[in-house]
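Chains, contacts and geometry: an overview
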Amino acid sequence: MKLLGLLMAGAVTVFAAGETVLIQNADIYPVSGAPLKGGSLLIQDGKIAEIGARIAVPKGATVLEGKGLRVYPGWIDSGTQLGLEEIGSIRETNDTGELGDFMPQLKALSAVNPDSEHFGVVRVNGITTAIALPGGGGRGGGGGQMIAGQAALLHTDGWTWEEMEINRSAAMVLNFPSAAGRGGRGGMPPDLQDLFPNTAGAGADARRAVLDQIAKLNAFFDDARAYKKAKEANQPDFHKDLKFEAMLPVIEGKMPLAVNASRAAAIHDAIAWAEKQNVKIVIMQPRDIAKAGAELKAKNIPVVLGRVLTLPENEDSEYDEGYTQPAEAYKAGVKFALGTFTNEFVRDLPYQAATAVAYGLPHDEALKALTINPAQIWGAGDLIGSLDKGKLADLMVVDGDPMDVRTQIRHLFIKGKEITLSNKQIRLYERYMSRQ
Amino acid sequence: MKKLIPSILVALAPLAAETFVIQNATVMTEGPKGIFKGSVVVKDGKIADLGEKVMVPAGATIIEAGGLYLIPGIIDCHSHIAGSGGINEGSVSVSSMVNIKDIINPDDISIYRALAGGVTTANILHGSANSIGGQTLPLKMRWGKSAEEMIFAGATPGIKFALGENPKRAGNPQGGRGAIGAIQIQARYPATRMGVEDVIREAFNDAKAYKAEWDAYDAKLAKGEHPIPPRTDLKLQALKEVLENKRYVHVHCYRADEILMMIRAADDNGFKVRTFQHVLEGYKVAKEIKEHGAGASTFSDWWAYKIEAIDAIPFNAALLTKKGVIVSLNSDDAELMRHLNTEAGKAMKYGGMSETEALAMVTINPAIQLGIDKTVGSIEPGKDADLVLYDGFPMSDFAKVTKVWIDGTQYFDRDKEVAEQAAKDAEKQQLLDKEKSAQRPQTNRRPNQ
């Protein structure tokens, strides 16, 4: 009886989907505009129905007293393997990296395990949305792909991957050829390459190898365009090809390419290539923002910065090189979001952003990099990313600055459904606290 | 040297920088003075005085720290930086003869980066390929000094043990990460947790016999006899020191079963485990760890990177603390090492530790675990002036390190670092240009062709 009472008490604070919830007297930080102190926010049918200084309590609505609390939109992590990778070192639990150089037909979404423990773990830290990336990451094999497949934009809650879906084709992942290997991490620092032209990754041979790879990429795009033409001509001998079908939204400019390009040279190559191909791109995990920033800004290309808490690339790089990347991107006027790119760091996303603030990024811009910027970059700016009337009710009610580690999340809503703030780790904690 | 001392004596004093006062800071002492707003006086490399009001020694440099936070230097109980030439002597499963002291690389840039993250002392250990690994020791991050000058004087040396997946990997060369394509690799005992236990018990079986030989010899010597000394065995010598409580045992571990196994193996052989390292499932056997008297040095929130990390919880540090175990948070990683302060902050989030309890996990607690708490780990009169100044609440990610002192000497200054960057870049460019202009025309032939 007592136990039942406890369970009931716990259940009382969690509202079911579709329920009408009015948050009152809270400080509302919409991100898209100025904060509203002591305001109200109404959740109805999974959406934000209204925001205002005072909202009359609708009939049947549950009222959530928000005095002293703040409301923010849920966080968006723009680079994860959520649902695709459970345990980094165990191949059988990894579905990130497939074989094959050109695999645009692969979709991350349908390989997402909705019951992955990672979702519960990251949710309680306010991550309501994530990009799940095919290719790279973990030890999933197939890391050397050129086109790795389609990244999914998904909610971190749902019974099935269909329910979690925001967009199964949010972006096509491309590991851009570079002297330091596809995607362009590591290798010899560019400023030294001229000095040691005979070293791997430097000199004329390496450049030829890069150009050869880009030629292969161009050939694939040429084939995709030829396919589109043949399809449109509706010839009787036309055969449907799943690879090229998947490429149609890319060459039509409807679906961006998420392009892994780290160093300035690779970023420059990728921009020039995209312009020639007339395709939309998002640069993933760039490191040389100070050098590449002007061009990215001029061409209006957004970026997803990798972990802020990361070691400098070279021995003589500034010690705070990683910490200052977001501030550099901001100064250059580049639109950017943040990604953690490793499942175990996803829950630290807000703290990574806070580090960027410590090293020069304005606080408001850090909030945007976790909310409205990624929503817009991934084509969901009208659905998520800010607290605005008509958007999905993905939001958190917190007791302080949401990027401060001391702050606790009191309530979390995804699509208007209140999420129970528990997970496997919290259950283990409670269980072993009770051990005498 | 208080204010009344004649100025002539002040002029003769050593460098003025050696005596300084940090004033108006929020001082988080981790000592009896708790947290207060005031000053800390540093003299001859030691903390001379602290309090809301202090006597300013004549000639002392004043460092104004209004709005800033001062904490004791951060201590990392588990690091692998500053080693050269590899840290895993993987060929044998008992490698107690090897010593970190022999491979310290004082030029490792990770030392400076750790320093810039507020770390002043780090326990440097071997890897985890061996059930019984090599000999360890703490270093002070005295960047610019020699390897010998970095060694923490007077610290009790340690030894690394390892349980679980890593030490059994060499026993599974095809299935483990040790496999290299089709190359046949000889499996090396042990291959299971059972084997790891046996390796440790066998080693101490030998060590006890070895110790008995030496004890008999020492006894005869004490009686004035002239016995023939036993043969020195460098491998068993280190374990003999463990049995004599002269060397601390730091055990890499993950799962509750192996932690309990280690406690019982130590009990049976008459030695103590000083710390369990990583100890991600320590929360499941908190009672047994507490009873044994071991400390726990864990990660704040790492998990799921391997199967033995699947039940890791971010509440581990808080739960173990609540159950009476002394807990530290370590890095095991050159990157994480740079922000252990915010790892401590996570203990406030996950499990509700107080500011003092959380900060203790990267200052006084690791000092206790390493047996160096008499000289470092808190801001108290007489202790080493290892201090870190932050521009905000030090366990929040919004704060950054502005200055770091070790033994009263400033080793990091962010303002200076930022100011000098342009000159450093220019110097590098100059060197590159010089090198390019001096180069002979390159041929396309590679050296080995």
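None of the values given here were measured: they were computed from a predicted structure. (Residues numbered from 1 in each chain as written. Chains lettered and ligands numbered in written order. Predicted model: local features only at pLDDT ≥ 70, side-chain atom pairs only at ≥ 80, totals over all residues. Heavy atoms only, no water.)

As for the sheet that holds strand β8 (residues 132-140) of chain B
Residue and element names in this part refer to chain B. Strands sit in the order β6-β7-β8-β9-β10-β11-β12-β13 across an open sheet of eight strands; the sheet is mixed. Two strands in the sheet have a free side with no partner beyond their single neighbour: β6 (74-79) and β13 (327-329). Looking at each pair of strands side by side, their axes are set apart by 25° on average, direction ignored. The sheet contact formed by strand β9 (residues 158-162) and strand β10 (residues 248-253) spans five bridges and is parallel. Note that in β10 the partner of Phe161 across the bridge is Val251. (Pairing = 2+ DSSP bridges. Helix = DSSP H or I, 4+ residues; strand = E, 2+ residues; numbered from the N terminus. Axes fitted to C-alpha atoms, helices over the stretch in contact; angles between N-to-C directions.)

Let's talk about the side chain of Lys284 of chain B
Locating Lys284 of chain B in the fold gives a position in the loop between β11 (275-278) and α8 (286-292). Discounting residues that sit within four places of it in the chain, Lys284 of chain B has contacts with Tyr432 and Arg435 of chain A together with Ala256 and Asp311 of chain B. (Contact = heavy atoms within 4.5 Å.)

Points about the interface of chain A and chain B
With 55 residues of chain A at the interface, the matching set in chain B holds 60 residues. Our enumeration of links across chain A and chain B arrives at six salt bridges. On inspection of chain A and its partner chain B, the count reaches 24 residue pairs in polar contact (both at pLDDT 80 or more). Mapped onto the side of chain A that touches chain B, the elements with two or more residues apiece are α2 (117-123), α4 (190-193), α10 (349-358) and α13 (424-433) of chain A. At seven residues, the largest contribution of residues to the side of chain A that touches chain B is made by α13 of chain A. Taken together, the residues of the side of chain A that touches chain B break down into 24 nonpolar, 13 polar and 18 charged. (Salt bridge = Lys/Arg side-chain N within 4 Å of Asp/Glu carboxyl O. Polar contact = N/O pair within 3.5 Å; in protein donor to acceptor, adjacent residues only side chain to side chain. Nonpolar A, V, L, I, M, F, W, Y, C, P; charged D, E, K, R; others polar.)

Thoughts on the sheet that holds strand β6 (residues 75-80) of chain A
Strand pairs in the sheet, formed through backbone hydrogen bonds, run parallel or antiparallel to each other. All names here are of chain A. Here eight strands make up an open sheet; going across it, the order is β6-β7-β8-β9-β10-β11-β12-β13 and the pairing mixed. The sheet is open, and its two borders are formed by β6 and β13 (336-338), each paired with just one other strand. Adjacent strand axes in the sheet meet at a mean angle of 25°, parallel and antiparallel pairs treated alike. As judged from the four bridges shared by strand β7 (residues 127-132) and strand β8 (residues 147-155), these two strands associate in the antiparallel manner. If you follow Ala130 over to β8, its bridge partner there is Leu154.

Remarks on helix α6 (residues 242-251) of chain A
Residue and element names in this part refer to chain A. Here α6 lies mainly inside the structure; seven of its ten residues are buried. Every buried residue of α6 is accounted for by Phe244, Glu245, Ala246, Met247, Leu248, Val250 and Ile251. Where α6 begins, one side-chain oxygen reaches toward the backbone nitrogen of Lys243, 2.9 Å away; that side chain belongs to Asp241. In the stretch just after α6, Gly253 is the one whose phi turns positive, near 75°. (Buried < 20%, exposed > 50% of the residue type's maximum accessible area, 1.4 Å probe, protein only.)

Describing the environment of Leu412 of chain A
Residues and elements named next belong to chain A. Topologically, Leu412 is positioned in strand β15 (residues 409-414). According to the relative accessible area criterion, Leu412 is buried, its value standing at 0%. Placed 94 residues apart in sequence, Leu412 and Glu318 show a C-alpha to C-alpha distance of 38 Å. Discounting chain neighbours no more than four positions away, the residues touching Leu412 are Arg123, Gly126, Thr128, Leu395, Met396, Lys417, Glu418, Ile419 and Leu421.

A word on the pairing of β10 of chain B
Among the six residues in β10 of chain B, six count as buried, and that is most of the element. Handedness of the β-α-β unit built from β10 of chain B, helix α7 (residues 256-269) of chain B and β11 of chain B comes out right-handed. (Right-handed = clockwise from strand over helix to strand, strands pointing away.)

Looking at the environment of Arg91 of chain A
All names here are of chain A. With respect to the secondary-structure elements, Arg91 resides in the loop between β6 and α2. For Arg91, a relative accessible area of 44% puts it in the partly exposed group. Residues Arg91 and Arg406, spaced 315 residues apart in sequence, show a C-alpha to C-alpha distance of 36 Å.

What about the packing of helix α7 (residues 264-277) of chain A against helix α8 (residues 289-298) of chain A?
Residue and element names in this part refer to chain A. Two elements in contact, α7 and α8, have axes separated by 9 Å at closest approach and are oriented at 15°. As summarised for this structure, α7 and α8 are arranged roughly parallel, according to the angle between their axes. Where α7 crosses over α8, the two elements pack in a sense that is left-handed. The residues of α8 that touch α7, namely those facing Ala264, Ile267, His268 and Ile271, are Lys291, Ala292, Glu295 and Leu296. (Parallel < 35°, antiparallel > 145°, perpendicular 65-115°, else oblique. Left-handed = near helix turned anticlockwise from the far one by under 90°.)

Focus on a nonpolar patch on the surface
Together, Val92, Met97 and Leu234 of chain B make up a nonpolar patch on the protein surface, roughly 250 Å² of accessible area in all. Assignment of secondary structure puts Met97 of chain B in the loop between β6 and α2 (109-116). (Patch = residues over 30% accessible without salt bridge, like charges linked within 9 Å, V, L, I, M, F, W, Y side chains within 5 Å. Areas by Shrake-Rupley, 256 points an atom, 1.4 Å probe, with all protein chains shown as cover.)

Some words on the pattern of salt bridges
Here the idea is simple: oppositely charged side chains can pair when their charged atoms come close. Tallied over the entire structure, the rule returns 47 salt bridges over all chains. Between Asp301 of chain B and Arg347 of chain A there is a salt bridge whose closest N-O contact spans 4.0 Å. Within this pair, whereas Asp301 of chain B is found in the loop between β12 (295-298) and α9 (316-322), its partner Arg347 of chain A is found in the loop between β13 and α10, the two belonging to separate chains. Of the two residues, Asp301 of chain B and Arg347 of chain A, both sit in the buried class.

Thoughts on the packing of aromatic side chains
Evaluation of the coordinates by the stated rule reveals 25 aromatic pairs over all chains. Ring plane angle 15° and centroid distance 4.3 Å describe the contact between Phe204 of chain B and Phe271 of chain B, whose orientation is recorded as stacked. Linking Phe204 of chain B in helix α5 (residues 193-222) with Phe271 of chain B in the loop between α7 and β11, this pair joins segments that are 67 residues apart in sequence. Taken as a pair, Phe204 of chain B and Phe271 of chain B share a single burial class, namely buried. Counting every residue linked through ring pairs, the aromatic cluster contains Phe102, Phe220, Tyr227, Phe238 and Phe244 of chain A. Lys349 of chain B extends its terminal NZ or CZ atom over the ring of Tyr350 of chain B, reaching a point 5.8 Å from the ring centre. The side chain of Lys400 of chain B reaches across the aromatic face of Tyr359 of chain A, ending 5.7 Å from its centre. (Phe/Tyr/Trp six-rings, centres within 6.5 Å; stacked < 30°, edge-to-face > 60°. Lys NZ or Arg CZ within 6 Å of the ring centre and 35° of its normal.)

Thoughts on unusual backbone geometry
Cis rather than trans, the peptide bond between Tyr189 of chain B and Pro190 of chain B has omega equal to 5°. Tracing the backbone through its elements, the reader meets Pro190 of chain B in the loop between α4 (165-168) and α5. In this structure, Phe341 of chain A takes a positive phi of about 65° despite not being glycine. Locating Phe341 of chain A in the fold gives a position in the loop between β13 and α10. Residue Phe341 of chain A is classed as buried on the basis of its relative accessible area, which comes to 9%.

Focus: the nonpolar core
Core analysis: the largest hydrophobic core is formed by 178 residues, its most contacted members being Met141, Phe161 and Phe276 of chain B. No other element matches α5 of chain B, which puts nine residues into this core. In this structure Phe276 of chain B touches Val251, Cys253, Ile259, Met262, Ile263, Ile289, Ala294, Gly295, Ala296 and Ser297 of chain B, once residues within four positions along its chain are discounted. Counting 22 residues, the second-largest nonpolar core is a separate cluster that includes Ala148, Ile166, Ala170 and Met284 of chain A. (Core = buried A, V, L, I, M, F, W, Y, C linked by side-chain atoms within 4.5 Å.)

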